[in-house]
Amino acid sequence: MLMQQEDLGSTSPALSGTGLDSPDVTEAWARIRGRLREEIGEIEYRTWMRQMTLAAIEGEEAVVQVPSRFLRDWLRSQYGDRLRALWQAENLGVRRVDIRVAPAPAPDGEAVPRAVPEAARPAEARAADARNADPRNDWAAPLDPRFTFDSFVVGKPNEFAYACARRVAEKPASPGFNPLFLYGGVGLGKTHLMHSIAWALREPGLDRSVAYMSAEKFMYRFIAALRSQSTMEFKESLRSVDVLMIDDLQFLIGKDNTQEEFFHTFNALVDAGKQIVVSADKSPSDLSGLEDRLRTRLGCGMVADIHATTYELRISILEAKAQAAGIPVPARVLEYLAHKITSNVRELEGALNRLIAHSGLFGRPVTLESCQEVLHDILRAHDRRVTIEEIQKRVAEHYNMRLADMSSARRARNVARPRQVAMYLAKQLTSRSLPEIGRKFGNRDHTTVMHAVAKVQELMQQDAGFAEDVELLRRMLET
Ligand code: ADP
Ligand code: MG
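Everything numeric in this text was worked out from a predicted model, so none of it was measured.

Asks: Please clarify how the overall build of the protein should be interpreted in this entry.
Replies: Assigned secondary structure in the protein consists of 20 helices and eight strands. Counting all 479 residues of the protein, 48% fall into the buried class. Contacts in the protein between residues at least 24 apart in sequence constitute 72% of all its contacts with a sequence separation of at least 6. For the protein, the accessible area works out to roughly 23300 Å², and carbon and sulfur atoms hold 50% of it.

Written as structure tokens, this is what we have:
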């Protein structure tokens, strides 16, 4: 097993004789692909990564093959660092990843990997390597060079968490901020903020030892130490750091021994005046399944949540990312994406990346039409399907009328008008046909629906207050 081969505390040695037939390597590669799939989402994964194969492990280098130059270049520029980080985290001695174009099969049917010259790597990537290579952090996970404070876009939903993260990065272990507990839903920037803190604290010259790892990794380390009877070394190496950062703590739910160990490490470090930063998907009090004493201690410092993104934040993030990519993307397209993809930043980023890649591939500018075409599967998945029933319910509530009157025969103005508004919204927000809509409103004729749509449009022109009302309803139903 991989765990027994780990050599805690020393620089991780390249495993001699590790080949593609080694189960460690196959498992690691499967895990890495699983991780990537989780991180970038199913659709992106299928677009970019499904065709990757692991061709060889050559010394400290993993050779990954893809079928085209375009895929190679794209993967290198967008995911090269991530692939390398994931390989390094596996601790099999792999320090570099080379992405190559798979050669055409040789006559005898055997593919012979051919070396492709490494593109000169940017200085910042090399500097990042150097910092990741700090031997004291050998057992910690490497940091993603893209995740820095500079690239984090701040808005209402995350400004508090951001401010706390900044504060900890500037003055670790200050009273009131230890531990720092960051929480929020998936893809909202927790890992990004944690890496940003770690990068800042690891600034060369500060000589601080900062250990960042996922709770999952923490557990594997702990189990490996138990197996190889090196728990003392494990404890010592953990307790010798200046800053300990554990990502995705919810993973420890139900893992009682690991929780216990974490609790003791936590106490030892805090007592010694060291900073702890933890992230999770829920607040300490909502993390049921964690031991009470641990939850209590976690909530003792600063607890900061990252809220779901707002439209404004999504726009800012898209603008920043489009600018960083150096590809002009019209404001209309950004607005469209920010409107359609509301789930999380990771999905938003994935959609934009795909747009940019297609534009590069075909040498065409990004337009609203190309966006709808290229992203049509993603957009469909995010289509919030508002039902006619929902519309009727909301509109009835808004106008204070009985839901039953949406389908009743009553024609009094205070009933008929809201009913028309609901029909209008049903036409605007669903893909139902006029007869279908009519049927849902007490079997009315499609001409009645047509008339309602025209009437509401007319009234909206004439009466600004009424128009505002309808717009408000529409926005409520859309988000
Ligand atoms: P989490 O750990 O909360 O699941 P991540 O930190 O992995 O989320 O963020 C997912 C992706 O979205 C990353 O690529 C990250 O850089 C990006 N991201 C999230 N929030 C922001 C933000 N405020 N500004 C820029 N990028 C962001
Ligand atoms: Mg994360």
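Asks: What's the story with empty space enclosed by the protein in this structure? I'm lost.
Replies: Regions of empty space are outlined by a rolling probe, equal in size to a water molecule, passed over the atoms. A complete count under the given rule lists two cavities of 30 Å³ or more for this structure. In this model, the second largest cavity occupies a volume close to 70 Å³. For the lining of the second largest cavity, the secondary-structure elements that each account for two or more residues are α13 (345-362) and α14 (368-374). Residues of the lining of the second largest cavity, tallied by class, amount to five nonpolar, three polar and one charged.

Asks: Honestly, helix α3 (residues 69-89) in this entry has me stumped. Any pointers?
Replies: An α-helix turns once every 3.6 residues. As a result, residues three or four positions apart point the same way. At Tyr 79, α3 shows its largest bend, some 70°. Phi for Asn 91, located one or two positions after α3, is positive at around 55°.

Asks: Just to check I follow, could you spell out the packing of aromatic side chains for this structure?
Replies: For any pair of aromatic rings, the description rests on two quantities: the centre-to-centre distance and the angle between the ring planes. This model, assessed by the stated rule, comprises eight aromatic pairs. Note on Phe 181 and Tyr 183: the rings are 6.3 Å apart at their centroids and 55° apart in plane angle, and the pair reads as tilted. A relative accessible area of 0% means that Phe 181 is categorised as buried. With a centroid separation of 5.9 Å and 70° between ring planes, the pair formed by Phe 262 and Phe 266 is classed as edge-to-face. In this pair, Phe 262 and Phe 266 both sit in helix α9 (residues 256-271), four residues apart, roughly one turn of the helix. Each member of the pair, Phe 262 as well as Phe 266, is classed as buried. Every member of this aromatic cluster is reached through a ring pair, and the members are Phe 218, Phe 222, Phe 234, Phe 262 and Phe 266.

Asks: Would you explain the confidence of the model for the protein in this entry?
Replies: Should pLDDT be low for a region, the predicted coordinates there are not to be read in detail. Confidence in the prediction of the protein, expressed as mean pLDDT, is 85, and 88% of residues score 70 or more. For the protein, helix α4 (residues 123-132) is the element with the lowest average pLDDT, namely 56, and strand β7 (residues 275-280) is the one with the highest, namely 98. Low pLDDT, under 50, characterises residues 106-121; the predicted model gives this stretch 21 contacts beyond four residues in sequence or across chains. The model gives residues 133-137 a pLDDT under 50, and that stretch makes eight contacts with residues more than four places away or in other chains.

Asks: Help me out: how do you make sense of the pairing of β7 in this one?
Replies: With respect to burial, β7 is a largely interior element, six of its six residues being buried. Neither face of β7 is left uncovered, since the one carrying Gln 275, Val 277 and Ser 279 and the one carrying Ile 276, Val 278 and Ala 280 both have all their residues buried. Summarising the sheet, strand β4 (residues 180-184) and β7 pair through four bridges and their orientation is parallel. For Leu 180, the partnering residue across the bridge sits in β7 and is Val 277. Across four bridges, the pairing between strand β6 (residues 243-247) and β7 is parallel. Bridging from a neighbouring strand, Ile 246 pairs with Val 278 of β7. Since β6 and β7 lie parallel, the crossover through α9 that links them has a hand, and here it is right-handed.

Asks: Looking at this structure, I do not really get the environment of Gly 59. What am I missing?
Replies: In this structure, Gly 59 sits in the loop between β1 (53-58) and β2 (61-66). On a C-alpha basis, the gap between Gly 59 and Gly 93 in space is 8.1 Å, while along the polypeptide they are 34 residues apart.

Asks: I keep staring at the packing of α3 against α13 and nothing clicks. Help me out?
Replies: Describing two packed helices takes the angle between their axes plus the distance from one axis to the other. Running from N to C, α3 and α13 cross one another at 140°; their axes reach a closest spacing of 12 Å. In terms of axis orientation, α3 runs oblique to α13. Relative to α13, α3 is oriented so that their crossing is right-handed. Judged by residue contacts, Phe 70, Trp 74, Gln 78 and Tyr 79 of α3 engage Asn 353, Ala 357 and Leu 361 from α13. For the contact of α3 with α13, the per-class residue count stands at five nonpolar, two polar and no charged.

So, how was this worked out
- Residues numbered from 1 in each chain as written.
- Chains lettered and ligands numbered in written order.
- Predicted model: local features only at pLDDT ≥ 70, side-chain atom pairs only at ≥ 80, totals over all residues.
- Heavy atoms only, no water.
- Helix = DSSP H or I, 4+ residues; strand = E, 2+ residues; numbered from the N terminus.
- Buried < 20%, exposed > 50% of the residue type's maximum accessible area, 1.4 Å probe, protein only.
- Contact = heavy atoms within 4.5 Å.
- Areas by Shrake-Rupley, 256 points an atom, 1.4 Å probe, with all protein chains shown as cover.
- 1 Å grid on protein atoms, 1.4 Å probe; cavity = no way out; pocket = protein on both sides within 12 Å on 5 of 7 lines; lining within 4 Å.
- Points joined across faces, edges and corners; volume = space filled by probe spheres on them.
- Nonpolar A, V, L, I, M, F, W, Y, C, P; charged D, E, K, R; others polar.
- Bend = angle between axes of the 7 residues up to and from the residue.
- Phe/Tyr/Trp six-rings, centres within 6.5 Å; stacked < 30°, edge-to-face > 60°.
- pLDDT = per-residue confidence, 0-100.
- Pairing = 2+ DSSP bridges.
- Right-handed = clockwise from strand over helix to strand, strands pointing away.
- Axes fitted to C-alpha atoms, helices over the stretch in contact; angles between N-to-C directions.
- Parallel < 35°, antiparallel > 145°, perpendicular 65-115°, else oblique.
- Left-handed = near helix turned anticlockwise from the far one by under 90°.

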